Amino acid sequence: MEALDLARWQFGVTTIYHFLFVPLTIGLSFIVAVLQTLWFRTGKHEYLQATQFFGKLFLINFAMGVVTGIVQEFQFGMNWSEYSRFVGDVFGAPLAMEALLAFFLESTFIGLWIFGWHRLPRAAHLACIWLVAIGTNLSAYFILAANAWMRRPVGYEVDPETGRAQLTDIWAVLSNDQAWSTYLHTVSAAFITAGLFVVAVSAYKLWRNTHHGDTGTVGTTPPARDFALFRGTLKVGLAFTLIAGALVVFSGDHQAKLAAEYEPMKLAAAEAHWDTEEGADFSTFAVGDTEARYNPIDVTVPNVLSFLATGHFEGEVHGMNDLQEAYEEYYGPGDYTPNVFVVYWSFRLMIGLGLFGVGIAALGLYLTRGKERLPRNRWFYFAGMAALPAALAANIFGWVLTEMGRQPWTVHGQLLTANSVSPGVSLGTVAMSLGVFTAVYGLLFVVEVGLLAKYIKAGPSHLVPDLENDEHEAAIPHFSY
Amino acid sequence: MDLAVIWFIAISVLWIGYFILEGFDFGVGTLLPFMGGRDSVDRRVTINSIGPVWDANEVWLLTAVGATFAAFPAWYASLLSGFYVPVFVILIALILRGVAFEYRGKRDGSAWRAWWDRAIFFGSAAPAFLWGVAFANIVRGVAMDADQIVTAGLLDLLNPYALLGGLTTLSLFTLHGAVFLTLKTDGPVRVRARTAALWAACVAVPAAAGFLAWTQFAHGEAWTLPVAAVAAVALVGGVVAVLLRHERLSFTLTAVTVLTAFTALFGSLFPNVLPSTTDPAFSLTVANASSAEYTLTVMSWVAVFFLPLVLAYQGWSYWVFRQRVTGATVTGTPAGPGTEHEPAA
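Residues numbered from 1 in each chain as written. Chains lettered and ligands numbered in written order. Predicted model: local features only at pLDDT ≥ 70, side-chain atom pairs only at ≥ 80, totals over all residues. Heavy atoms only, no water.

**Describing the overall build of chain A**
A count of helices and strands for chain A gives 15 helices and eight strands. The globule rule puts the C-alpha radius of gyration for 481 residues at 23 Å, and the 24 Å found for chain A is close to it. Projected onto the principal axes, the alpha-carbon positions of chain A cover approximately 80 × 50 × 40 Å. A total of 481 residues make up chain A; the buried ones form 60% of that total. Here chain A has roughly 18400 Å² of accessible surface; of this, 64% comes from carbon and sulfur atoms. Here chain A holds 27 positive side-chain charges and 41 negative ones, and the gap between their average locations is 18 Å. (Helix = DSSP H or I, 4+ residues; strand = E, 2+ residues; numbered from the N terminus. Rg over C-alpha atoms; globule rule 2.2 N^0.38 Å. Buried < 20%, exposed > 50% of the residue type's maximum accessible area, 1.4 Å probe, protein only. Areas by Shrake-Rupley, 256 points an atom, 1.4 Å probe, with all protein chains shown as cover. Lys, Arg positive; Asp, Glu negative; His and termini not counted. Charge placed at Lys NZ, Arg CZ, Asp CG, Glu CD.)

**Focus on empty space enclosed by the protein**
Residue and element names in this part refer to chain B. Across all of its chains, the model carries seven cavities of 30 Å³ or more by this definition. Of the pockets and cavities examined, the largest cavity occupies roughly 170 Å³. As for the largest cavity, its lining consists of 14 residues, of which Trp15, Val65, Leu79, Leu80 and Trp131 are closest to the centre. Broken down by secondary-structure element, the contributors of at least two residues to the lining of the largest cavity are α3 (54–71), α4 (73–82) and α6 (110–140). (1 Å grid on protein atoms, 1.4 Å probe; cavity = no way out; pocket = protein on both sides within 12 Å on 5 of 7 lines; lining within 4 Å. Points joined across faces, edges and corners; volume = space filled by probe spheres on them.)

**Regarding the packing of aromatic side chains**
Under the criterion given, the structure shown has 65 aromatic pairs over all chains. Centre to centre, the rings of Phe307(A) and Phe313(A) are 4.5 Å apart; their planes meet at 15°, and the pair counts as stacked. A centroid spacing of 5.7 Å and a plane angle of 70° characterise the contact between Tyr327(A) and Tyr331(A), whose relative ring orientation is edge-to-face. With Tyr327(A) and Tyr331(A) both in helix α10 (residues 320–331) and four residues apart, the pair spans about one turn of that helix. Classification of Tyr327(A) by relative accessible area gives buried; the value is 11%. A cation over an aromatic ring shows up here: Lys257(A) above the ring of Phe307(A), its NZ or CZ 5.9 Å from the ring centre. One Lys or Arg, Arg322(B), reaches over the ring of Trp319(B) and ends 3.9 Å from the middle of that ring. (Phe/Tyr/Trp six-rings, centres within 6.5 Å; stacked < 30°, edge-to-face > 60°. Lys NZ or Arg CZ within 6 Å of the ring centre and 35° of its normal.)

**Quick notes on the pairing of strand β5 (residues 294–301) of chain A**
Residue and element names in this part refer to chain A. For strand β4 (residues 282–289) and β5, the ladder comprises six bridges, and the chain directions are antiparallel. Its bridge partner being in β5, serine 283 is matched across the sheet by threonine 300. Count of turn residues in the β4/β5 antiparallel hairpin: four residues, of which arginine 293 carries a positive phi of about 60°. (Pairing = 2+ DSSP bridges.)

**Examining the interface of chain A and chain B**
Tallying the contact residues gives 73 residues for chain A and 71 residues for chain B. Both faces combined, the contact of chain A with chain B buries some 6300 Å², and carbon together with sulfur accounts for 74% of it. Counting every contact that joins chain A to chain B gives zero salt bridges. The interface formed by chain A and chain B contains 16 residue pairs in polar contact (both at pLDDT 80 or more). Breaking the side of chain A that touches chain B down by element, the ones donating at least two residues are α2 (45–79), α3 (81–115), β2 (165–167) and α13 (427–458) of chain A. Looking at the side of chain A that touches chain B element by element, the count peaks at 25 residues for α3(A). Among the residues making up the side of chain A that touches chain B, the classes are represented as 44 nonpolar, 20 polar and nine charged. (Contact = heavy atoms within 4.5 Å. Buried area = accessible area lost by both parts, 1.4 Å probe. Salt bridge = Lys/Arg side-chain N within 4 Å of Asp/Glu carboxyl O. Polar contact = N/O pair within 3.5 Å; in protein donor to acceptor, adjacent residues only side chain to side chain. Nonpolar A, V, L, I, M, F, W, Y, C, P; charged D, E, K, R; others polar.)

**Focus on the layout of surface pockets**
Residue and element names in this part refer to chain A. Computed from the structure, the second largest pocket encloses a volume of approximately 870 Å³. Lining the second largest pocket are 34 residues, with His185, Gly252, Phe347, Met350 and Ile351 sitting closest to its centre. Tallied by class, the residues present in the lining of the second largest pocket amount to 19 nonpolar, eleven polar and four charged.

**Digging into unusual backbone geometry**
Across the junction of Gln407(A) and Pro408(A), the peptide omega takes the value 5°, indicating a cis bond. Looking at where Pro408(A) falls in the secondary structure, it is placed in the loop between α12 (378–405) and β7 (409–411). Residue Pro271(B) follows Phe270(B) across a cis peptide bond; omega there is 0°. Note that Pro271(B) resides in the loop between α11 (247–269) and β1 (272–274). Here Gln148(B), not a glycine, exhibits a phi torsion of approximately 65°, which is positive. Looking at the secondary structure, you find Gln148(B) in the loop between α6 and α7 (154–157). Owing to a relative accessible area of 17%, Gln148(B) belongs among the buried residues under this scheme. Its identity is not glycine, yet Arg245(B) carries a phi of approximately 65°, on the positive side. Within the element layout of this structure, Arg245(B) appears in the loop between α10 (224–243) and α11. Relative accessible area serves as the criterion here: at 56%, Arg245(B) is assigned to the exposed category.

**Thoughts on α10(A)**
All names here are of chain A. Across its twelve residues, α10 extends 15 Å between first and last C-alpha, which sits within 8% of the 16 Å expected from 1.5 Å per residue. Those residues of α10 not exposed but buried are Met320, Asn321, Leu323, Gln324 and Tyr327. For α10, the arc enclosing every buried residue in end-on projection is 160°, short of the 170-degree limit, so these residues lie on one face. Of the residues in α10, the exposed ones pointing more than 90 degrees away from the buried face are Glu325, Glu329 and Tyr330. Buried residues in α10 make contact with α8 (264–270) and α11 (340–367). (Expected span 1.5 Å × (residues − 1). Arc of directions from axis to C-beta.)

**Observations concerning a negative patch on the surface**
All names here are of chain A. Judged by side-chain charge, Asp275, Glu277, Glu278, Glu314, Glu316, Asp322, Glu325, Glu328, Glu329 and Asp335 come together as a negatively charged surface patch. Among the elements that line the negative patch, the one with the most residues is α10, at four residues. Mapped onto the secondary structure, aspartate 275 falls in the loop between α8 and β3 (277–278). Relative accessible area serves as the criterion here: at 44%, aspartate 275 is assigned to the partly exposed category. (Patch = residues over 30% accessible without salt bridge, like charges linked within 9 Å, V, L, I, M, F, W, Y side chains within 5 Å.)

**Considerations on the UniProt feature "transmembrane region" (unreviewed entry) in chain B**
Mapped onto this numbering, the UniProt entry gives "transmembrane region" (unreviewed entry) at residues 6–34, 83–100, 120–141, 161–183, 195–217, 223–244, 251–274 and 294–313 of chain B. Measuring from the first to the last C-alpha atom of residues 251–274 of chain B gives 32 Å, for a span that is 79% helix and 12% strand. (UniProt positions renumbered as here; feature names shortened; annotations may be inferred.)

**As for a nonpolar patch on the surface**
On the surface, Trp301(B), Val304(B), Phe305(B), Phe306(B) and Leu309(B) cluster together to form a nonpolar patch covering roughly 550 Å² of accessible area. Relative to the elements of secondary structure, Phe305(B) occurs in helix α13 (residues 293–320).

**Quick notes on α6(B)**
Residues and elements named next belong to chain B. With 31 residues, α6 should reach 45 Å at 1.5 Å per residue; the first-to-last C-alpha distance of 45 Å fits that figure. Counted residue by residue, α6 has 23 buried out of 31 residues, so it is predominantly covered. Downstream of α6 by one or two residues, glycine 141 has phi in the positive range, about 95°.

**Description of the confidence of the model for chain A**
Residue and element names in this part refer to chain A. Of all residues in chain A, 93% have pLDDT values of 70 or greater, and the mean over the chain is 87. Looking over chain A, one finds the lowest element-wise mean pLDDT in helix α15 (residues 472–475), namely 47, and the highest in helix α4 (residues 122–151), namely 94. Note on residues 215–222: pLDDT under 50 across the span, and 16 contacts to partners over four residues away in sequence or across chains. Scored below 50 in pLDDT, residues 467–475 makes nine contacts in the model with residues more than four places away or belonging to other chains. (pLDDT = per-residue confidence, 0-100.)

Quick look at the structure:
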């Protein structure tokens, strides 16, 4: 065991954990903004309730996204100092822009939104949540542009004297096709996740209502009210998920083609595709032998991999054996094949779990078509609740695929992971911080889930008492600490 | 003046902005246990006084660090890997603190609140102390080899000069936060904050005077002497203003103290960014740690266009929340006899 291994584990653990909250923040900020806009336009009490209810859940999640994000900005320097030295010129620029253009926007206007319910004019208050939503999306763009640069380095040259990468064209970095394609894919996945979060919460409330007669409130609200409210939010969530689902498929297809072009080894590993061939088959279930480098068992669909990678059924797809040989010739001896087992299965789990979530959304929209219709079967509500963890897991597997598939490089073709780690940081130090981060993150996860559960159970009427004939002003509670 | 120097100044400004702004919310967090009983409205008043702004204050840190990564990659790399343990403790502190602000009021119960109050206290006091330790070490220099890898151990970082630096920032931020509370709150919190300010001053004045003198004597330039002197005068003036109940003036003066004290520190550091005590030839300087011209140019344009915008809307948010926070604003009920001390809902 070396410090390198633990530094990689630390990056994996902290990044995956951070990315449990980020997609929800990206998507929910928009959904809450849409709900508040509906309230602003129609003045309907239910929309205010929905805004406040999902707003509260959004804030519980937002806090975790913010605090775990700080770690991300620091750990490049802490654990990966040689990487930082090499790429700082290029990678640091989008990171600094993220802070200046996005974080300030998000953090200032979230404060104004939380504490501004009574102080700001309604239109200005509505603008605050929209600015938060724009901020989270800008932030996602800059960080994904930085990440995309590692997978397809553009707009730079390596200074022969210092051996460091130097930025030569910022537009090339920001308009990198890997960047916008990854952005589209990641943000649509985030919208699926947030959509399914709303679906899961609504499904839970409707199921409790339908099968337990539980009003979930302090007693001021007749069940019918919450019933209508959550039927509405269920449909909003389903619609968000389905639209985002179409985008995720489109951008995912584009991602595969970009991988074939810029990261052929990743695509080959994701398919357990060993030998270069034309008219390559898509693997649905393979058992591979990574020592002998072939698949004893492989169930395939003819020509589909070629189509995914190149757009032609007869297109050529490079295999890992040939790529390994070519890389050794070009970069010198070494193992240039990523962990095939992890990459192959994370690819399948990402697609499978993602499609399961989108499928539930399509089915849900069919079951709730028309004016008053609700699904009669309990199993639909359970499936709606199960779709949320499925979506969260699909996001995680997507990143495992992206990052593990990039190995052994941190910057494709330029810098090996083994040469990126901090030389002056000991194994014990990394082990200590990894242990404490894991423990603190684990503890906070339990706390967060507990709080979400509490507020979901309590329901919207707990936040915004349903006072008939009352002025809305009086019904808007304070958001404060 | 070349771009690398301009970016050294820009990063100094970001750090100083961070310490002026987050300095007071660190101070408020450190004082939380002394501002009222565990379940009191007073504690909520204390927290809500910084509620709308602490998150945006913290972004000054993220921007300072992000800008360092972009403008001085070698500084970013050596510093964060070389100061691993203190930086790690600061991160844990900021995590617990941020979550605590948001989660403290989300559930009832004395024990629940007590745990989050501890997190706010630790999360505020630890970084307030450790940033002082870190910056004192940056100015003093650390053992660093020819590859710019810091070889100093954790215990080397806890030298007397750095510990005095930590005590200075902790007490100074506590004073700054106490003064902020006298300006932003009313009722019992305002009264207690004033007493707390005077207690904090008893530590802050001698600590800051000693630390500034030591810095000037060991590392200072000719021009940093008057700057350090202004810091000392502003600090004493700030304390006098507390005594005279000029709250706005006292807050301005503690802000000026933070501004000038850190200006003196960054001035003493220049043109180094991290001196090596192993061999001065191994030191990281503005010249050898910076990015290439193109990156600095791009960053300059981004900063020129967007920093004024950021300052404008952040300033606006302070203006929106300019009123004093009271028990009534926290509970949503009109102020009346006795309401200040009712348990929080």
